[in-house]
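# A look at the structure
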Amino acid sequence: MLPGGKSTKTSRFEPIENPRKISLNSTASSSTPLPSSPSKSIQEKQNDDIPLDTSFSSSPSASATIIARNEDLLTQILLKLPPKSLLRFQCVSKQWLSLISDPVFRRRHSSSIRCYPTTDFLFFSSDSFRNEINLLSFSGDGVDSVGNVSSPLRYSLEGEILSLQSCNGLLCIQFMVNDISRELIVYNPTTCKHRSIPWPYAESIPLVIRYTNIAFDPVKSDYYKLVCVGVDLNGTFYRFLVYSSEAGVWSVSRDALGMDSGSAYYFGKGVLWNGDVHFLGSDCCTLCFDIENECLQPSTPRIPTNLEVVGRWDIRYFGETGGNLYVICLNKPKAMLFDVFALKRDYSQWVVKYRVDFAPLITYYPEMKNRGFHTPCFVVDKEGKKARIVISVEDKFIYYDIHGMFVKELVEVVPVYAEVGGWRDSTWYRWYEAYQHVDTLASV
């Protein structure tokens, strides 16, 4: 469901009128059309599973009275509803307002929502002149909705979005205001509420703040934390600052990381997994920051890739899905073969879960070889029985079903305008990152 309740016309994504389904199995048809009708959302599927008590069917008014008087039953019903519906239903009565706004109810609701893998993704490109945040929601049958989720925020805030981070429905955004100062905003696109966060500052250690990440686990707490990474003025080490929404203050971690540590970490793409924030390094190791104790953990095992030196574009995905931490990495130089690694929960080793060969796709999408491609999204269910990779090719998004060995077209993509060598190139596509998104009632 699109945050804000409906799609907008300002999205760069346009559903394809007659999308193709391309089978990569030699025994199957090479291309079959997809139905254009939208599929049911995750929340609608949840609603289908609600058991019905036929004793209420004879008298709707009597049934409503029984439900209203039984708060436990009412709670169970409301827990099945999506956040947007709950926000509307707060107006039904004082009882419903009290129940839905209760922190315990909201925590239970967030926990139940997270039981289902989300296929809603937020896309942001700093290369874009339009500077928007786009949403793509899809399911097994195709696209559910597209839209622009930054519009409500831009109405109340003037500035340029410099960077975006997202975690379980909350967004952390760096704004450039009046080309002079920077601001930190935590934004909930479901409720359209935002909060300004004081700019991180370490009095004893002058730092230049470069990266900001958000960590929010609604199952464990109603509060979130921000993890900022700064560099000292001499450019010799990184320091970590942590902001707690519960305390409302910044603190400086006791740990520092030397910039000559042997690995360049991508601190702008921290991933919350197993209760900690993880950063991927150029040497195929991950750095783990313990947000509870605000300290660094010992290095995790190196990803057993075939590459001796790993560049940023050799890593095509780093994120959490289905309860596991995954990395999609190039297997061989100048090849279309990729390995999907998963880190064991005890941090003992990375294991290859899937090996994917994209070479057969060149027949249908030759621009993948000529102009390249990106894999911004990866979705796996908790049982590991269904895994899909969203691929960004030159003018569209497609998704590749690893187990079913087929491809489905999702949306056509409007180019991201950017300055390339002083010239504006309207055909430069840079959708290489995305964030899983889920609607949430969480406060900012």
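Residues numbered from 1 in each chain as written. Predicted model: local features only at pLDDT ≥ 70, side-chain atom pairs only at ≥ 80, totals over all residues. Heavy atoms only, no water.

## Focus: helix α3 (residues 71-78)
Put simply, the rule reads: To sort residues, take the accessible area from a 1.4 Å probe on protein chains only and compare it with the maximum for the residue type: under 20% means buried, over 50% means exposed, and anything in between is partly exposed. Starting at the N terminus, helices and strands are each numbered in turn, a helix being any DSSP run of H or I of at least four residues and a strand any DSSP run of E of at least two. By construction, the arc corresponds to the directions joining the helix axis to the C-beta atoms.
When we look at burial in α3, the residues that qualify are Leu-74, Thr-75 and Leu-78. Projected onto a plane normal to the axis of α3, the buried residues spread over an arc of 100° and lie on a single side.

## Here's the deal with the sheet that holds strand β20 (residues 324-330)
What counts is decided by this rule: At least two DSSP bridges between two strands are required for those strands to pair. As a rule, the C-alpha atoms of each element are fitted with a line to give its axis, helices using only the stretch in contact, and angles between N-to-C directions run from 0 to 180 degrees.
Taken in spatial order, the 4 strands of this open sheet run β19-β20-β21-β22, and their pairing is antiparallel. Edge strands, defined here as strands with exactly one partner in the open sheet, are β19 (315-321) and β22 (350-357). Adjacent strand axes in the sheet meet at a mean angle of 20°, parallel and antiparallel pairs treated alike. Looking at chain direction, β19 and β20 are connected through 6 bridges and run antiparallel. From the neighbouring strand, Phe-318 faces β20, where its bridge partner is Val-327.

## Concerning the nonpolar core
The following threshold applies: Residues enter a nonpolar core if they are buried and are Ala, Val, Leu, Ile, Met, Phe, Trp, Tyr or Cys, with the set joined through side-chain atoms within 4.5 Å. Whether two residues are in contact is decided by their heavy atoms: any pair within 4.5 Å suffices.
Ranked by internal contacts, the top residues of the largest apolar core, which has 37 residues, are Leu-226, Phe-240 and Phe-267. Counting residues per element, the ones that place at least two in this core are β8 (170-177), β9 (181-188), β11 (207-215), β12 (225-232), β13 (237-244), β14 (249-258), β16 (276-280) and β17 (286-290). Leaving out residues up to four positions away in the same chain, Phe-267 has contacts with Tyr-211, Asn-213, Val-229, Tyr-238, Phe-240, Leu-257, Phe-279 and Leu-287. Counting residues in hydrophobic clusters, the runner-up holds 27 residues, among them Ile-22, Val-340, Ala-342 and Ile-391.

## Section: the UniProt feature "domain: F-box" (unreviewed entry) in the chain
Rules: UniProt positions are given in the numbering used here, feature names are shortened, and annotations may be inferred rather than shown by experiment.
Listed under "domain: F-box" (unreviewed entry) in the UniProt record, and renumbered for this structure, are residues 71-109. The span residues 71-109 is 77% helical and 0% strand by assignment, and the distance between its end C-alpha atoms comes to 15 Å.

## Let's talk about the environment of Leu-164
For Leu-164, the position within the fold is in strand β7 (residues 160-167). Distance in space between the C-alpha atoms of Leu-164 and Tyr-211 is 9.8 Å, their sequence separation being 47 residues. Setting aside its immediate chain neighbours within four residues, Leu-164 contacts Phe-124, Ile-133, Leu-171, Cys-172, Ile-173 and Tyr-435.

## Overview of the sheet that holds β12
The strand order β11-β12-β13-β14 describes an open sheet built from 4 strands, whose pairing is antiparallel. Two strands lie at the open edges of the sheet, namely β11 and β14, each paired on one side alone. Shown here is a sheet whose adjacent strand axes are inclined to one another by a mean of 25°, direction ignored.

## A few points about the packing of α3 against helix α5 (residues 94-101)
Stated precisely, the cut-off is as follows: Roughly parallel here means an angle under 35 degrees, roughly antiparallel means over 145, roughly perpendicular means 65 to 115, and every remaining angle is called oblique. Handedness of each helix crossing follows the sense of rotation of the near helix against the far helix: counterclockwise by less than a right angle gives left-handed, clockwise gives right-handed. Here the term charged refers only to Asp, Glu, Lys and Arg, the term nonpolar to Ala, Val, Leu, Ile, Met, Phe, Trp, Tyr, Cys and Pro, and the term polar to all other amino acids, Gly among them.
For the pair α3 and α5, the least separation of the axes is 11 Å and the interaxial angle reads 60°. Relative to α5, the element α3 is oriented oblique. The two elements α3 and α5 meet at a crossing, and its hand is right-handed. Judged by residue contacts, Glu-71, Leu-74, Thr-75 and Leu-78 of α3 engage Gln-95, Trp-96, Leu-99 and Ile-100 from α5. Residues of the contact of α3 with α5, tallied by class, amount to 5 nonpolar, 2 polar and 1 charged.

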